[in-house]
Amino acid sequence: MGANETKAQGKRRYWLLVIPAAIVAAAAFFLWGGRKAGAGYTLTPMGISAELDRDSATVTGRMGSLMLRANRAGVQAVTAEGKAQWDIPYTMTHPYLLTCGQYALVADRGGKTAVLLRSDGMAVWLAAENTILFQAMNENGQTILVTQEEDGHGTTLYEFDGSKLLKRRTYEKNDGIPMAAALSADGRRMVTACLSYTGTSLTSVITVFDLSASGATLTDRVLGSCRLEGTLVTDLYYIEDTCIYLADNRIGGLATEKGCEEAWTEELTHRIRAAAFGKTAFAIALGEGLAGTGTEAEQDVLIYDGSGKKLAGKTMGSITGLTATDDVFVCGVGRSYTALDRKGNTTWLYDAGEDYRQVFQLAGGRGVAAVSTEKFVFYSITERTEEKG
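Keep in mind the model is a prediction, meaning the values are calculated, not measured. (Residues numbered from 1 in each chain as written. Predicted model: local features only at pLDDT ≥ 70, side-chain atom pairs only at ≥ 80, totals over all residues. Heavy atoms only, no water.)

## Some remarks on the overall build of the chain
Formally: Per the convention used, a helix needs a DSSP run of H or I reaching at least four residues, while a strand needs a run of E reaching at least two, with both numbered from the N terminus. The cut-offs for exposure are 20% and 50% of the maximum accessible area for each residue type, with area from a 1.4 Å probe on protein chains only; residues under the lower value are buried, those over the upper are exposed, and the others partly exposed. What sets the accessible areas is the Shrake-Rupley method with a 1.4 Å probe; for residues, cover comes only from the shown protein chains.
Across its full length, the chain holds two helices and 32 strands. Per-residue burial over the chain gives 50% buried out of 389 residues. For the chain, the accessible area works out to roughly 18,700 Å², and carbon and sulfur atoms hold 49% of it.

Set out below in structure tokens:
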């Protein structure tokens, strides 16, 4: 998942006392300047950019140290030097981009085709039997496509070479509506979440499948399932050996080795505004309060590991963007961007001079890429120097 764009509704601070302008300016300089100096690092423009197509259907994402852009005409990978690494023609109506490590999937949302991509430019085409609803993939390029069937839904698992490993059929009346799916890194476990609604209440059913090879045939034995009453599960993602689920009113982790066991869960008092998944940790940004729980969260960015341990809680403000690279989380608040490690320590801070839709730290410490409506802009991470005067 992606995957991961946000809209923010946040907190603003107002001065309650009338303070002379000189004191206000001095205080602001001290607080903001001190915060930046404490980070030690900032971003420096490299003078490198790559133009984006103005097509409204253009979507962008990060694949390792490459930036991807997909539009109605195809997919292109751009290096940190602003040069095209490869270009794959692909006619689409509504492109959707999902990345995981060195792999990516571009699907025509509402269509029946998709292309699997590797960072070296290798492309494998997939042709689904029916309309693609959503997809998931693991860091080895194995991919799940969930499709709309005539009398239900299909969940098909593909190897990166395009070979179909298995397909399951589910029926809305008996199984509910598919909402999310995840695949373990080793490809041994597939997890799905389906929503059932009776007219008075809703239930999310999470099912764990054991994908084991039997000769040349892959079978999908059901290991177990969990029923979450009154809960709408929207995302599934593996952090190491734990399958994390995000829902409208809670988050949790599932132990899936022997079945579907809820290893941990935490109820939420605020809605999840955005989420980003790293290698060993994930972050959520909180938005408005749930009914009867107030309007603001004391800490609006929370970082957890797979076991459910809360590693950090930060008060950032009105979060407008959240992305992850390995275990570095880039939080956007307006035009200000803060990079946090998995323990919540600030690694760099930057005030941008223009609006960006997304900001990604590139893999391997190769800098930062910012996405505006018109272009990719590349930055290096540099040590902050104290300003004089």
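Anyway, onward from the coordinates.
## Considering the sheet that holds strand β9 (residues 123-127)
Convention followed: Any two strands between which DSSP finds at least two bridges are classified as paired. Axes here mean lines fitted to C-alpha atoms, for a helix over just the part in contact, with angles spanning 0 to 180 degrees between N-to-C directions.
Strand order across the open sheet formed by four strands is β6-β7-β8-β9, with antiparallel pairing between neighbours. Only two strands of the sheet have a single partner each, and these edge strands are β6 (95-100) and β9. Pairs of neighbouring strands in the sheet enclose a mean axial angle of 20°, with direction left out of account. Strand direction decides the pairing type here: strand β7 (residues 103-108) and strand β8 (residues 113-118), joined by five bridges, are antiparallel. Following the sheet pairing, Ala 107 is matched in β8 by Ala 114.

## Topic: the sheet that holds strand β4 (residues 74-78)
Pairing in this open sheet of four strands is antiparallel, and the strands run β2-β3-β4-β5 from one edge to the other. Of all the strands in the sheet, just β2 (59-63) and β5 (84-89) have a single pairing partner and so form its edges. The average angle at which neighbouring strand axes cross in this sheet is 20°, direction not considered. Two elements, β2 and strand β3 (residues 66-71), share five bridges in a ladder whose sense is antiparallel. From the neighbouring strand, Gly 61 faces β3, where its bridge partner is Leu 68.

## Concerning the packing of aromatic side chains
Counted only if it meets this: Any two rings among Phe, Tyr and Trp, with Trp reduced to its six-membered ring, count as a pair given centres within 6.5 Å; such a pair is stacked if its planes are under 30 degrees apart, edge-to-face if over 60, and tilted if neither.
Within the structure shown, the criterion is met by 10 aromatic pairs. Geometrically, the ring pair formed by Tyr 103 and Phe 160 is edge-to-face, given 5.0 Å between the ring centres and 70° between the ring planes. Here Tyr 103 is found in strand β7, whereas its partner Phe 160 is found in the loop between β12 (152-158) and β13 (164-170), with 57 residues between them in sequence. What makes Tyr 103 buried here is its relative accessible area of 14%. Between the aromatic rings of Tyr 356 and Tyr 379, the centroid separation amounts to 6.5 Å while the plane-to-plane angle is 80°, which identifies the pairing as edge-to-face. A residue pair is termed long-range when its members are at least 10 positions apart, and Tyr 356 in the loop between β29 (346-351) and β30 (358-361) and Tyr 379 in strand β32 (residues 375-383) qualify at 23 residues. Of the two residues, Tyr 356 and Tyr 379, both sit in the buried class.

## Description of the side chain of Ser 184
To keep things clear, this is the line we draw: Residue contacts are counted whenever heavy atoms from the two residues lie within 4.5 Å of one another.
Residue placement: Ser 184 occurs in the loop between β14 (177-183) and β15 (189-197). The residues contacting Ser 184, other than those within four sequence positions of it, are Asn 138, Arg 189 and Tyr 238.

## Remarks on the nonpolar core
Short version of the rule: In plain words, nonpolar cores are sets of buried Ala, Val, Leu, Ile, Met, Phe, Trp, Tyr and Cys residues tied together by side-chain atoms within 4.5 Å.
Leu 246, Ile 251, Phe 277, Phe 282 and Ile 284 are the most contacted members of the largest nonpolar core, which has 30 residues in total. Ignoring anything within four residues of it in the chain, the contact list for Leu 246 reads Leu 232, Val 233, Thr 234, Asp 235, Ile 251, Ile 272, Ala 275, Phe 277, Phe 282 and Ile 284. Core analysis: the next-biggest nonpolar cluster, separate from the first, contains 17 residues, Ala 180, Ile 206, Val 208 and Cys 243 among them.

## Re the side chain of Asp 108
Definition in use: Counted as positive: Lys and Arg. Counted as negative: Asp and Glu. His and the chain ends are not counted at all. Salt bridge, as used here: a side-chain nitrogen of Lys or Arg that lies within 4 Å of a carboxyl oxygen of Asp or Glu. Here a polar contact is taken to be a pair of N or O atoms separated by no more than 3.5 Å, where protein atoms must pair a possible hydrogen donor with a possible acceptor and residues adjacent in sequence count only if both atoms sit in side chains.
Among the structural elements, Asp 108 can be located in strand β7. Buried Asp 108, no salt bridge; nearest opposite-charge side chain is Arg 109, N-O distance 8.1 Å. Only 2.9 Å separates the side chain of Asp 108 from the backbone nitrogen of His 94, close enough to count as a polar contact. Beyond its immediate chain neighbours, meaning those up to four positions away, Asp 108 contacts Tyr 90, Met 92, Thr 93, His 94, Pro 95 and Thr 113.

## Considering the environment of Val 368
The residue Val 368 is located in strand β31 (residues 368-371) in this model. With 325 residues separating them along the chain, Val 368 and Leu 43 place their C-alpha atoms 7.8 Å apart. Apart from residues no more than four positions distant in its own chain, Val 368 is found in contact with Leu 43, Trp 348, Val 359, Phe 360, Gln 361, Leu 362, Val 377, Phe 378, Tyr 379 and Ile 381.

## A short note on the state of the cysteines
Heads up, the condition is: Our working definition of a disulfide is a cysteine sulfur pair at a distance within 2.5 Å.
The tally for this structure, following the rule as stated, stands at one disulfide. Each sulfur in the disulfide pair Cys 226 and Cys 260 lies 2.4 Å from the other. In this structure the cystine formed by Cys 226 and Cys 260 twists about its S-S bond by roughly -125°; its chirality is therefore left-handed. In this pair, Cys 226 sits in strand β17 (residues 217-229) while Cys 260 sits in the loop between β20 (250-255) and β21 (261-267), placing the two residues 34 residues apart along the sequence. The class for Cys 226 is buried, based on a relative accessible area of 10%. Left without a disulfide partner, Cys 243 is nearest to the cysteine sulfur of Cys 260, which lies 8.1 Å away.

## With respect to the pairing of β20
Within β20, five of the six residues are buried, which leaves the element mostly enclosed by the surrounding structure. Relative to β20, strand β19 (residues 242-247) runs antiparallel, the two sharing five bridges. Directly across from Tyr 245, in β20, lies its bridge partner Gly 252. Counted along the chain from β19 to the antiparallel partner β20, the turn is two residues long. Direction of pairing for β20 relative to β21: antiparallel, over a ladder of six bridges. Residue Gly 252 lies in a different strand from β21, and its bridge partner there is Thr 265. Counting the residues that bridge the hairpin from β20 to β21 gives five residues.

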